[in-house]
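Structural features, examined
Each chain is listed here by its residues.
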Amino acid sequence: MRSKLFLILGLLLTMAAAASGQTKTTGTLSCGKPDPAYSIEVGDRTGHSVSISKFACTWTTAMEYGDVQTQDGYDVTYGDASGAKVRGSGYHVSNMSNGDKIYVRFQGNDTMLDGKPATTEGTWSYTGGTGKFKGIKGKGTYKGKADSSGNMVTDVEGEYELPAAKNK
């Protein structure tokens, strides 16, 4: 009886996941040093600053959306730093292999080591896209660390749902 209950529960969970229309995707994003980058000391305590930066990025392992993959893009971020800890938010734009774009908003926490970015982690969600990706929905997480050349290499995972194609 108990094994039948677990089998039924497992089938229900599988059907619920399939009904949600969400598809999982993962990738690895490498972002170089910021250009431009601005930082202003707040002045209320030592080491407290606010910053805004733009980073060029490349997908070293593309996220796949059916037959379309992420290629490159950029991040525009703003941060509130206190010593080695940074609370950051921003936007990412990815160029897709078919010429479309996807737009993402992210927020999380970063750490600095010797005045340079060391780690990053947080959550993200789609804010839109163009072409096939207009109306994309979904969210996920990210976690990364700086490599030896100072690029932030970030593993990204999440799920997405594309709007159903309209009959014409």
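Before reading further, recall that the structure is shown in the block above.
Now for a look at the structure at hand. Nothing here was measured: the structure is a model prediction, and the numbers come from that model.

Another point: the overall build of the chain. Looking only at helices and strands, the chain features one helix and 10 strands. Sequence-ordered secondary structure for the chain, helices as α and strands as β, is α-β-β-β-β-β-β-β-β-β-β. For the chain, the residues scored as buried account for 31% of the 168 residues in total. When the accessible surface of the chain is split by element, carbon and sulfur atoms take 57% of a total near 10800 Å².

Turning to the state of the cysteines, a few remarks are in order. Per the counting criterion, the structure on display carries one disulfide. Paired through a disulfide, C31 and C57 show a sulfur-sulfur distance of 2.1 Å. Across the S-S bond linking C31 and C57, the dihedral sits near 105°, which makes this disulfide right-handed. With C31 in strand 1 (residues 23-31) and C57 in strand 3 (residues 48-61), the pair connects residues that are 26 residues apart, well separated along the chain. With respect to class, C31 is no different from C57; both count as buried.

One pass over the structure, following the stated rule, counts three salt bridges. Close ionic contact of E159 with K24 constitutes a salt bridge, the shortest N to O distance being 3.8 Å. Of this pair, E159 sits in strand 10 (residues 152-161) while K24 sits in strand 1, placing them 135 residues apart in sequence. Judged by relative accessible area, which is 26%, E159 ranks as partly exposed.

Overall, the coordinates contain five aromatic pairs when judged by the stated rule. Here Y65 and Y126 contribute two aromatic rings whose centre-to-centre distance is 6.5 Å and whose plane-to-plane angle is 75°, an arrangement assigned as edge-to-face. Linking Y65 in strand 4 (residues 64-65) with Y126 in strand 8 (residues 116-129), this pair joins segments that are 61 residues apart in sequence. For the pair Y65 and Y126, one class covers both residues: buried. Aromatic rings pair up to connect Y65, W124, Y126, F133 and Y160 into one cluster.

So, on to the environment of S49. Considering the arrangement of structural elements, one finds S49 in strand 3. Judged by relative accessible area, S49 falls into the buried class, the value being 11%.

What follows concerns the pairing of strand 1. Bridge count for strand 1 against strand 10 is nine bridges, and the pairing is antiparallel. Within strand 10, the position partnered with S30 by the bridge is V153. Summarising the sheet, strand 1 and strand 3 pair through four bridges and their orientation is antiparallel. In the sheet register, L29 faces strand 3, and the bridge partner there is W59.

Across the junction of D35 and P36, the peptide omega takes the value 5°, indicating a cis bond. Following the sequence through the fold, P36 ends up in the loop between strand 1 and strand 2 (37-41).

By size, the foremost hydrophobic cluster in this structure holds 19 residues, and its most contacted members are M63, Y65, I102, W124, Y126, F133 and I136. Only strand 1, strand 3, strand 7 (101-113), strand 8 and strand 10 provide two or more residues apiece to this core. Apart from residues lying up to four places away in sequence, I136 is in contact with Y65, I102, Y126, G128, G129, Y160, E161, L162 and P163.

Here K116 is to be found in strand 8. Separated by 30 residues in sequence, K116 and A146 have C-alpha atoms that sit 8.8 Å apart.

Criteria and cut-off values
Residues numbered from 1 in each chain as written. Predicted model: local features only at pLDDT ≥ 70, side-chain atom pairs only at ≥ 80, totals over all residues. Heavy atoms only, no water. Helix = DSSP H or I, 4+ residues; strand = E, 2+ residues; numbered from the N terminus. Buried < 20%, exposed > 50% of the residue type's maximum accessible area, 1.4 Å probe, protein only. Areas by Shrake-Rupley, 256 points an atom, 1.4 Å probe, with all protein chains shown as cover. Disulfide = S-S within 2.5 Å. Salt bridge = Lys/Arg side-chain N within 4 Å of Asp/Glu carboxyl O. Phe/Tyr/Trp six-rings, centres within 6.5 Å; stacked < 30°, edge-to-face > 60°. Pairing = 2+ DSSP bridges. Core = buried A, V, L, I, M, F, W, Y, C linked by side-chain atoms within 4.5 Å. Contact = heavy atoms within 4.5 Å.

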